[in-house]
Amino acid sequence: MCQTMQANFFLSLDEPDGLMKLSESSVWRRNFGSQNSDPLTCHLPASTLLLCLPGEESQADYGTRFISSSTSSSTSTCTNNREVLKTVKGYKPPTEGQLLRILLHGAVGAGKSSLVNSVQSVMRGRIYRQALADNTSGDSFTKEYKTYRIKKDDGSYYPFVCNDIMGLSKHGGVLVEDIKLALKGHVKDGYKFNPVSQLSEGDRHYNESPTSNDRVHVLVCVIPADTLSLMDDKVVEKFRSIRAEASNLKIPQLAFLTKIDLAFPEVKDVKNAYRSRNVKAKMQKFSEDVGIPMNCIFPVRNYSEETEMNDDIDSLILNAMKHILQCGHDFLDFTQNEPDSS
């Protein structure tokens, strides 16, 4: 029988292998009566961890961090995944007929298309390859604005969709203005992006009268951990410009840190994703550069070389998807209840 207990721990990040180690806190001793101060040995499902940074602590201080977590046996990862998957599959927007639209954007080669496939794989329970992806990052492999819907077993579709888009780059790539148009619902499915000319009114792919279902409800920035440090300042400025427009539209914004297994040897085993000080440092750097809060940045690993499903990869993706749907639902609920909402 699997048992899960709620506890609070202090994590030390100054370990040579880049992994944080658990030490028992006074909260654990007070709540559970233990007098042993030796480090606790436990398995931490990645999807249950939440980093909580004290306000007075420097972002650059990688000493002791406070974490709220659930400890469990390794078998509970599957149980937790099933519960979160049930929540994601059972999601319903606030109003009948409403679609929740998720726009993925990011640098060339960040893994946006692979992320679409990974989400589809988790939802379907098998490796899925609908979105064409490339294993190089020279030019953007995705050229068109493409909507991906996920089919249920009964042939109907889940009430949320993912939009893949051409990647950003220093020279070329998708234009920032085209992404801003997509946020407002003006870009029709199938539009082939032009790196030198933005979509204009009168074009057959320009949606003159977008409905709520056409507009974006959650903006997800996909960033590759393995090349983040090499990202050009001009690309960062584009991220900031897109974020500013999304903020003006009150659209919630999250970020996915992909390719963590390629960037850091300690997270080849993805259970270590939330224990790695290197992963956290990358998250903090991007948060400082672009402005997306730490609790809106999620490390994930895409299905890229696997031919079978993996519970720990699923755990990261499901946790991120759960937060996407929660943010999108709150946005829809807020906008649809505004006095001037149409």
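Reference entry: report on the structure contained in this document. (Residues numbered from 1 in each chain as written. Predicted model: local features only at pLDDT ≥ 70, side-chain atom pairs only at ≥ 80, totals over all residues. Heavy atoms only, no water.)

A count of helical and extended segments in the protein gives 8 helices and 10 strands. Residue burial in the protein is summarised as follows: out of 342 residues, 51% are buried. Residue pairs at least 24 apart in sequence account for 68% of intrachain contacts in the protein once pairs closer than 6 positions are excluded. Carbon and sulfur atoms make up 47% of the accessible area of the protein, which totals about 16,300 Å². (Helix = DSSP H or I, 4+ residues; strand = E, 2+ residues; numbered from the N terminus. Buried < 20%, exposed > 50% of the residue type's maximum accessible area, 1.4 Å probe, protein only. Contact = heavy atoms within 4.5 Å. Areas by Shrake-Rupley, 256 points an atom, 1.4 Å probe, with all protein chains shown as cover.)

Strands sit in the order S6-S7-S5-S8-S9-S10 across an open sheet of 6 strands; the sheet is mixed. Bordering the open sheet on either side are strand S6 (146-151) and strand S10 (297-299), each of which pairs with just one other strand. Neighbour-to-neighbour, the strand axes of this sheet turn through a mean angle of 25°, independent of strand direction. The sheet contact formed by strand S9 (residues 253-258) and S10 spans 3 bridges and is parallel. Bridged to Leu-257 within S10 is Pro-299. The strands touched by helix H3 (residues 112-124) within the sheet are strand S5 (100-106), S6, strand S7 (157-164), strand S8 (218-224) and S9, with S6 carrying the most contacts at an inclination of about 10°. (Pairing = 2+ DSSP bridges. Axes fitted to C-alpha atoms, helices over the stretch in contact; angles between N-to-C directions.)

Take unusual backbone geometry next. Even without being a glycine, Lys-250 presents a positive backbone phi close to 65°. Turning to its location among the elements, Lys-250 is positioned in the loop between helix H5 (233-248) and S9.

We now examine helix H4 (residues 176-183). H4 sits mainly inside the fold: 7 of its 8 residues count as buried. Restricting attention to buried positions, one finds in H4 the residues Val-176, Asp-178, Ile-179, Lys-180, Leu-181, Ala-182 and Leu-183. In the segment just after H4, Gly-185 is the residue with positive phi, at about 90°.

This brings us to the packing of aromatic side chains. All chains considered together, the criterion is met by 5 aromatic pairs. One aromatic cluster is present, built from ring pairs that chain together Tyr-145, Tyr-191 and Phe-193. Taking the ring centre of Tyr-128 as reference, the NZ or CZ of Arg-124 above it sits at 4.0 Å. A cation over an aromatic ring shows up here: Lys-146 above the ring of Tyr-148, its NZ or CZ 5.9 Å from the ring centre. (Phe/Tyr/Trp six-rings, centres within 6.5 Å; stacked < 30°, edge-to-face > 60°. Lys NZ or Arg CZ within 6 Å of the ring centre and 35° of its normal.)

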